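Survey of secondary and tertiary structure
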Protein chains: 2
Amino acid sequence: MNLVFKALSDPTRRHILQLLRKKPMNAGELAEHFPIAKSTLSAHFAILREADLIQANKSGTVITYMLKVSVLEEALLAFAETVGIGMPKPLPLKRAMGKAK
Amino acid sequence: MNLVFKALSDPTRRHILQLLRKKPMNAGELAEHFPIAKSTLSAHFAILREADLIQANKSGTVITYMLKVSVLEEALLAFAETVGIGMPKPLPLKRAMGKAK
DNA sequence: TTCATAATTCGTTATTTAGCGAAATATAGG
DNA sequence: CCTATATTTCGCTAAATAACGAATTATGAA
């Protein structure tokens, strides 16, 4: 959870997550949305990956990233509970779908 | 919102919020829960105050801190929405209670 | 006023962080 | 094989961060 909150502490990274929310994107496409060097963005991707908030998928020379919503959700909910915020877990739409523990 | 997430990025500060969740406490009481210098804790309080996550109340030489749950809640919900997490706003228990905008 | 207590502020230090450009890596296509 | 493209890794720097102990401030009590 610490890694998640560390990852969320940077505005650029939160913005990346927001963009990925709409649809998976590759590093280049994401870069178009930011005025910073690609190498810098790459470092942000690494941090998001270490926090398990995004998933990388390489195809040819292109790496496509997609948001792992559930990980984000779990972290926020877990913390919310410890501070007594009533955020009811969204009901799972499907049961027994083999959600890894 | 940035200040809130910055504040939440440190484990000690998240722990402080969790402690304050149970009941308001003064700086000294809080300090007993941590193995770090009081001056360091004081800095953490300042950061939490700037993020508007806690409220300080001075009485005599003692400063009592209390958690501002609503601020935390709003920030988490606001962000959750931008990343498409369905965290329904908890229904307000009382309406028209003069909630400051 | 003087003393003790609670907490903050100050000055310093070590570590982490975000940023850059250049170099390296990997892959597809000619 | 050679070149172009996508992305990462490397080496660096400036700024932010968390930590400490010492000094300072504020208050209540003797």
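None of these values were measured; they are calculated from a predicted model.

Here we look at the interface of chain B and chain A
- Residue-level contacts link 28 residues of chain B with 28 residues of chain A.
- Interface area for chain B against chain A, summed over the two sides, is near 2400 Å², with a carbon-plus-sulfur share of 70%.
- Here chain B and chain A share zero salt bridges between them.
- At the boundary of chain B with chain A, the tally comes to six residue pairs in polar contact (both at pLDDT 80 or more).
- Breaking the side of chain B that touches chain A down by element, the ones donating at least two residues are helix H1 (2-8), helix H2 (11-22) and helix H5 (69-82) of chain B.
- A breakdown of the residues in the side of chain B that touches chain A according to their chemical character gives 17 nonpolar, six polar and five charged.

Brief notes about the protein's contact with DNA strand D
- Taken together, 24 residues lie near DNA strand D, and A:Gly28, A:Ser42, A:Tyr65, B:Ala37 and B:His44 sit nearest.
- Within 4 Å of the protein, the contacting atoms of DNA strand D are 74% sugar and phosphate, with bases supplying the remainder.
- Interatomic distance of 2.5 Å between a side-chain N/O atom of A:Ser42 and a phosphate oxygen of DNA strand D.
- In the environment of DNA strand D, a phosphate oxygen lies 3.3 Å from a nitrogen or oxygen atom belonging to the backbone of A:Ile63.
- At the level of secondary structure, the elements contributing two or more residues to the surface near DNA strand D comprise helix H3 (27-31), helix H4 (38-50) and strand S3 (62-67) of chain A together with helix H4 (38-50) of chain B.
- For the surface near DNA strand D, the per-class residue count stands at eight nonpolar, ten polar and six charged.

Reading guide: rules and limits
- Residues numbered from 1 in each chain as written.
- Chains lettered and ligands numbered in written order.
- Predicted model: local features only at pLDDT ≥ 70, side-chain atom pairs only at ≥ 80, totals over all residues.
- Heavy atoms only, no water.
- Contact = heavy atoms within 4.5 Å.
- Buried area = accessible area lost by both parts, 1.4 Å probe.
- Salt bridge = Lys/Arg side-chain N within 4 Å of Asp/Glu carboxyl O.
- Polar contact = N/O pair within 3.5 Å; in protein donor to acceptor, adjacent residues only side chain to side chain.
- Helix = DSSP H or I, 4+ residues; strand = E, 2+ residues; numbered from the N terminus.
- Nonpolar A, V, L, I, M, F, W, Y, C, P; charged D, E, K, R; others polar.
- Near = heavy atom within 4 Å.

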